[in-house]
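One-letter residues, chain by chain:
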Amino acid sequence: MERLHQVLFVVSVLALSWFAMMAIHELGHIAGAIATGGTVQKVVLHPLTISRTDVSPNPSPLVVVWLGPIIGSVLPIIICGLIPKRFPLVRNTAIFFAGFCLVANGAYIAIGSFEQIGDCGVMLRAGSPQWTLILFGAFTIPIGILLWHRLGSVQEFLSDSNRVDPGFTYTVLGALIVTVGLEFLISQK
C-alpha cells in the first residue's frame, strides 16, 4: 500500500504542479494587463489545453508578456518562504513546485525563443532581443534544479515508500481534483 501512496503522490504532485504553474503564469499576464491599463478579454486555463491570456487593448505588450514568466517564477519562491519549517511535507512540496515553475517557465522562454512560439513570439515581435529570453532561461532553470537538488536524492525517495504520508497524499490528490474541476468549470476553450 505504501508504494501505491508513493506513486499516487508523485503523479498528483506533478499534475498539480503543471496546472498550478500555468495558473500562476497567467496571473502574471493578468497583473501586467491591469498594471498597464490593458483589458483582459479571456483567460484559458482548461486542463486539456495550453493556458493563455488574451488582452485587448494591450498598451504595453512587453510588460504583459514578460510578467507571465516573471511572476510565474517568483511567486512560487515567495510562497515557499511563507511556509514554516515546522511543516516539512508542505514546505518540501512547495519547494518542488517552485523548482518546477522555474524550470518550466525558463525552458518555455529560452527554448521557445528559437521557434518564436506563444509568449516568445510576442516578446520578440515587441522588441525583446532573443538573448534576453535565453538569459531568462539560463537564470531560472539552474535555480529550479538547485531547489530540487536541495530536496535530496530522487533515488532515495523512490527506494523508501514510507517517505510519503498517506494523508498528505490524499490532500494533494484532492487539491488536484479540485483544481481540474475548477478549470473545467471556469475556462472557455
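Since we're looking at a predicted model, the values are computed, not measured. (Residues numbered from 1 in each chain as written. Predicted model: local features only at pLDDT ≥ 70, side-chain atom pairs only at ≥ 80, totals over all residues. Heavy atoms only, no water.)

(A) Examining the overall build of the protein more closely. Counting its secondary structure elements, the protein contains 7 helices and 2 strands. Against the compact-globule benchmark of 16 Å for 189 residues, the protein has a radius of gyration of 18 Å, which places it among compact chains. With the principal axes as the frame, the protein shows a C-alpha extent of 55 × 35 × 30 Å. A total of 189 residues make up the protein; the buried ones form 38% of that total. Taking contacts inside the protein between residues at least 6 apart in sequence as the whole, the part at least 24 apart equals 70%. Summing over all exposed atoms, the protein offers an accessible surface of approximately 10,200 Å²; the carbon and sulfur share of this is 70%. Side chains of the protein give 10 positive and 9 negative charges; the mean places of these two sets differ by 5 Å. (Helix = DSSP H or I, 4+ residues; strand = E, 2+ residues; numbered from the N terminus. Rg over C-alpha atoms; globule rule 2.2 N^0.38 Å. Buried < 20%, exposed > 50% of the residue type's maximum accessible area, 1.4 Å probe, protein only. Contact = heavy atoms within 4.5 Å. Areas by Shrake-Rupley, 256 points an atom, 1.4 Å probe, with all protein chains shown as cover. Lys, Arg positive; Asp, Glu negative; His and termini not counted. Charge placed at Lys NZ, Arg CZ, Asp CG, Glu CD.)

(B) Highlighting unusual backbone geometry. Residues Ser 56 and Pro 57 are joined by a peptide bond in cis, for which omega reads 0 degrees. Here Pro 57 is to be found in the loop between strand 2 (52-55) and helix 2 (61-82). Positive phi, normally seen in glycine, also occurs at Gln 116, with a value near 55 degrees. Summarising the element assignment, Gln 116 is placed in the loop between helix 3 (88-115) and helix 4 (118-125).

(C) Geometry of helix 2. For helix 2, which comprises 22 residues, the first-to-last C-alpha distance of 31 Å matches the rise-based estimate of 32 Å (1.5 Å per residue) to within 8%. At Leu 67, helix 2 is deflected by roughly 35 degrees, the largest bend along its length, and proline Pro 69 occurs up to four residues later in sequence. Residues Val 64, Val 65, Trp 66, Gly 68, Pro 69, Gly 72, Ser 73, Pro 76 and Cys 80 constitute the buried set of helix 2. For helix 2, the elements touching its buried residues are helix 1 (2-35), strand 2, helix 3, helix 4 and helix 5 (130-150). (Expected span 1.5 Å × (residues − 1). Bend = angle between axes of the 7 residues up to and from the residue.)

(D) The arrangement of the pattern of salt bridges in detail. Applying the stated criterion across every chain, the model contains 1 salt bridge. Across the salt bridge formed by Asp 54 and Arg 52, the nearest N and O atoms sit 3.1 Å from each other. What makes Asp 54 partly exposed here is its relative accessible area of 27%. (Salt bridge = Lys/Arg side-chain N within 4 Å of Asp/Glu carboxyl O.)

(E) Up close: the side chain of Ser 128. Considering the arrangement of structural elements, one finds Ser 128 in the loop between helix 4 and helix 5. Side chain to side chain, Ser 128 and Trp 66 meet in a polar contact 2.8 Å long. Non-local contacts of Ser 128, meaning those with residues more than four positions away in its chain, are made with Leu 62, Trp 66, Met 123 and Leu 133. (Polar contact = N/O pair within 3.5 Å; in protein donor to acceptor, adjacent residues only side chain to side chain.)

(F) How the structure looks around the packing of helix 3 against helix 4. Contact pair helix 3 / helix 4: the axes reach a minimum separation of 8 Å and the direction vectors enclose 65 degrees. Classed by the angle they form, the pair helix 3 and helix 4 counts as roughly perpendicular. Helix-helix and strand crossings are classified by hand; for helix 3 and helix 4 the assignment is right-handed. Of helix 4, the residues touching helix 3 (which contributes Tyr 108, Ile 109, Gly 112 and Ser 113) are Gly 118, Asp 119, Cys 120, Met 123 and Leu 124. Taken together, the residues that form the contact of helix 3 with helix 4 break down as 5 nonpolar, 3 polar and 1 charged. (Axes fitted to C-alpha atoms, helices over the stretch in contact; angles between N-to-C directions. Parallel < 35°, antiparallel > 145°, perpendicular 65-115°, else oblique. Left-handed = near helix turned anticlockwise from the far one by under 90°. Nonpolar A, V, L, I, M, F, W, Y, C, P; charged D, E, K, R; others polar.)

(G) Structural detail: helix 1. Counted at 1.5 Å a residue, the expected span for helix 1 with its 34 residues is 50 Å, and the 48 Å between its end C-alpha atoms agrees. Where helix 1 terminates, the next one or two residues include Gly 37, which has phi positive at roughly 85 degrees.

(H) Just the side chain of Thr 53, in detail. Tracing the chain through its elements places Thr 53 in strand 2. According to the relative accessible area criterion, Thr 53 is buried, its value standing at 16%. Polar contacts involving the side chain of Thr 53 include one to the side chain of Glu 26, which spans 2.4 Å.

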